[in-house]
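Summary of structural features
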Amino acid sequence: MSQTKLFEPLKLGPITLPNRLAMAPLTRNRAVPPGMVPSPLAVDYYGQRASAGLLITEASQVSQQGQGYQDTPGIYSKEQVEGWRKITDRVHEKGGRIFIQIWHVGRISHTTLQPGGGKPVGPSAIRAKGKTFVNGTFTEISEPRALELSEIPGIIDDFKRGTENALAAGFDGVEIHGANGYLLDQFAKDGANKRADAYGGGIENRAKLMLEVSKAVAAVAGPERTGIRISPVTPANDVSDSNPQPLFDHIVDGLNALKLTYIHVIEGATGGPRDNAPFDYASLRKRFSGAYVANNGYDFDLATKVLEAGAADLIAFGKPFISNPDLVERLKKGAPLNEWDKNTFYGGGAKGYTDYPTLGAAQAAE
């Protein structure tokens, strides 16, 4: 089994990954309020999973305005940087490599999370159908307001500052969250963006914010330490586009010109069917000279097949990493995987977070 390409090293910018398994960003809602600092448990959680080729953290907001769910960590304060530094130190002690995913959720938020109880912001004042998680319960998303043209440079600056803080916290790189119906995806897709200014209308205008943020982040971290996550056809968070292929071909051409180190592509519906809408992912692969990280519903067999075919360089696994801190070892040995407990995905303490047994621990207990 270990002859598969999944366990071969990969050069990613200045770092060498020992295998082709990435741990996907996974929202776990365990940061400590009110400062939204990563909890001490997160040090153990990421440290336990350091054998992944690349760890990508849960999405971390670049400002208070960028928060959309309770207890998600930030990367905009000194205390948050110190909290993350403990995590990167632990991961590096264990020989791991870790990127932080940075986000602004845009309209997918609630007034109780916003500065001064204000409205969430988006490209247009269109309320998303769906719920967010606040005050321990799922609640309807609040009605947003459209960002003023004069506010957009401030959003780009927030991503820039988040990147500076990520480097200060010791991260090996940064992944921009441009997927799943959050702010950059909302601007890109015409279902959410009805603007009539320089950031609305045609593909070039709608793609502009995602590319400007990417340029700003890469200018700070270096393009060789900057990745981005995109989801061309996901319906997550009530987002849609009438013609996603030319839109994402254009976006990936722009990302390629910036020489980013990878694109992390959610193929199909996030956490759902891979074939929910027609889309040519091979077109993105061809247009981008950096690494292609494939994501959504991958298991050992599909990962092996896609890597062997040269259709991806790295495979992101999500839920299997939640319940298997030693996923790499288990897949290498063909060992059974722990089943995950959905009830402990979001919020809570150590249960369902840091208490899943490793193979060695499970065998010792037998």
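What you are looking at is a predicted structure, and each value in this text was computed from that prediction instead of being measured.

So, on to the pairing of strand S12 (residues 262-266). Among the 5 residues in S12, 5 count as buried, and that is most of the element. Every second residue of S12 is oriented toward a common face, with Tyr262, His264 and Ile266 on one face and Ile263 and Val265 on the other, all of them buried. By the bridge criterion, 4 bridges tie strand S11 (residues 226-230) to S12 in an arrangement that is parallel. Paired with Gly227 across the two strands is Tyr262, which belongs to S12. Between the parallel elements S11 and S12, the chain passes through helix H6 (residues 244-257) in a crossover that is right-handed. Summarising the sheet, S12 and strand S13 (residues 291-295) pair through 5 bridges and their orientation is parallel. When the bridges of S13 are listed, His264 appears paired with Val293.

A separate point is the UniProt feature "domain: NADH:flavin oxidoreductase/NADH oxidase N-terminal" (unreviewed entry) in the chain. Mapped onto this structure's residue numbering, the UniProt feature "domain: NADH:flavin oxidoreductase/NADH oxidase N-terminal" (unreviewed entry) falls at residues 5-338. Helix makes up 33% of residues 5-338 and strand 18%, with an end-to-end C-alpha separation of 23 Å.

Of all 5 residues that make up strand S10 (residues 173-177), 5 are buried, and the element is covered over most of its length. Residues Gly173, Glu175 and His177 point to one face of S10 and Val174 and Ile176 to the other, with burial holding for every one of them. Relative to S10, strand S5 (residues 98-103) runs parallel, the two sharing 4 bridges. Across the sheet, residue Gln101 finds its bridge partner in S10, namely Glu175.

So, about unusual backbone geometry. Backbone torsion omega between Pro33 and Pro34 reads 5°, so that peptide bond is classified as cis. As for its position among the elements, Pro34 is in the loop between strand S3 (21-23) and helix H1 (40-48). The backbone of Met36 shows a phi angle near 50°, a positive value even though the residue is not glycine. Within the secondary structure layout, Met36 lies in the loop between S3 and H1. Positive phi outside glycine occurs at Asn180, with the angle close to 55°. Considering the arrangement of structural elements, one finds Asn180 in the loop between S10 and helix H4 (183-188).

The interhelical angle for the contact between helix H5 (residues 203-221) and H6, taken along N-to-C directions, is 35°, at an axis separation of 10 Å. Between H5 and H6 lies a crossing of right-handed hand. In this structure, H5 contributes Ile203, Glu204, Arg206, Ala207, Met210, Leu211 and Ser214 to the contact, and H6 contributes Pro246, Leu247, His250, Ile251, Gly254 and Leu255.

In this section: the side chain of Asn338. Relative to the assigned elements, Asn338 resides in the loop between helix H10 (327-333) and helix H11 (359-365). Relative accessible area serves as the criterion here: at 19%, Asn338 is assigned to the buried category. Within the structure, the side chain of Asn338 is placed 2.8 Å from the backbone oxygen of Ser323, a separation counted as a polar contact. Non-local contacts of Asn338, meaning those with residues more than four positions away in its chain, are made with Ser323, Asn324, Arg330, Tyr356 and Pro357.

A few words now on H6. With 14 residues, H6 extends 20 Å between its outermost C-alpha atoms, agreeing within 8% with the 20 Å of an ideal straight helix rising 1.5 Å per residue. For H6, the complete set of buried residues consists of Pro244, Gln245, Leu247, Phe248, Asp249, Ile251, Val252, Gly254 and Leu255. Structurally, H6 contributes buried residues whose contacts are with H4, H5, S11, S12 and helix H7 (281-287). Backbone geometry just after H6 places Lys259 at a positive phi near 60°.

Attention now moves to the nonpolar core. Grouped together as the largest cluster of nonpolar side chains are 78 residues, with contacts concentrated most on Leu6, Tyr46, Ile315 and Phe317. Among the elements that take part in this core, H5 stands out by supplying 8 residues, more than any other. Among residues more than four places away in sequence, those in contact with Phe317 are Leu6, Leu21, Ala22, Met23, Ala24, Tyr298, Asp299, Phe300, Ala303, Leu327 and Leu331.

Our focus in this paragraph is the sheet that holds strand S14 (residues 314-317). Pairing within the closed barrel is parallel, and its 8 strands lie in the order S3-S4-S5-S10-S11-S12-S13-S14. Geometrically, the sheet is characterised by an average inter-axis angle of 25° between neighbouring strands, direction not taken into account. Across the face of the sheet, H1 comes into contact with S3, strand S4 (54-61) and S5 while running at roughly 150° to S4.

Moving on, we come to the environment of Ala198. Structurally, the position occupied by Ala198 is in the loop between H4 and H5. Ala198 sits in the partly exposed class, given a relative accessible area of 32%. Counting along the chain gives 75 residues from Ala198 to Pro123, while the straight-line C-alpha distance between them is 11 Å.

Turning our attention to the pattern of salt bridges. Pairing between side chains of opposite charge can happen when the charged atoms of each approach one another. Inspection of the entire model under this criterion finds 16 salt bridges. Here Asp253 and Arg287 are joined by a salt bridge, their closest N and O atoms 2.8 Å apart. Of the two residues, Asp253 is situated in helix H6 and Arg287 in helix H7; the sequence distance between them amounts to 34 residues. On the basis of relative accessibility, which here comes to 35%, the residue Asp253 falls in the partly exposed class.

About the cut-offs
- Residues numbered from 1 in each chain as written.
- Predicted model: local features only at pLDDT ≥ 70, side-chain atom pairs only at ≥ 80, totals over all residues.
- Heavy atoms only, no water.
- Buried < 20%, exposed > 50% of the residue type's maximum accessible area, 1.4 Å probe, protein only.
- Helix = DSSP H or I, 4+ residues; strand = E, 2+ residues; numbered from the N terminus.
- Pairing = 2+ DSSP bridges.
- Right-handed = clockwise from strand over helix to strand, strands pointing away.
- UniProt positions renumbered as here; feature names shortened; annotations may be inferred.
- Axes fitted to C-alpha atoms, helices over the stretch in contact; angles between N-to-C directions.
- Left-handed = near helix turned anticlockwise from the far one by under 90°.
- Contact = heavy atoms within 4.5 Å.
- Polar contact = N/O pair within 3.5 Å; in protein donor to acceptor, adjacent residues only side chain to side chain.
- Expected span 1.5 Å × (residues − 1).
- Core = buried A, V, L, I, M, F, W, Y, C linked by side-chain atoms within 4.5 Å.
- Salt bridge = Lys/Arg side-chain N within 4 Å of Asp/Glu carboxyl O.

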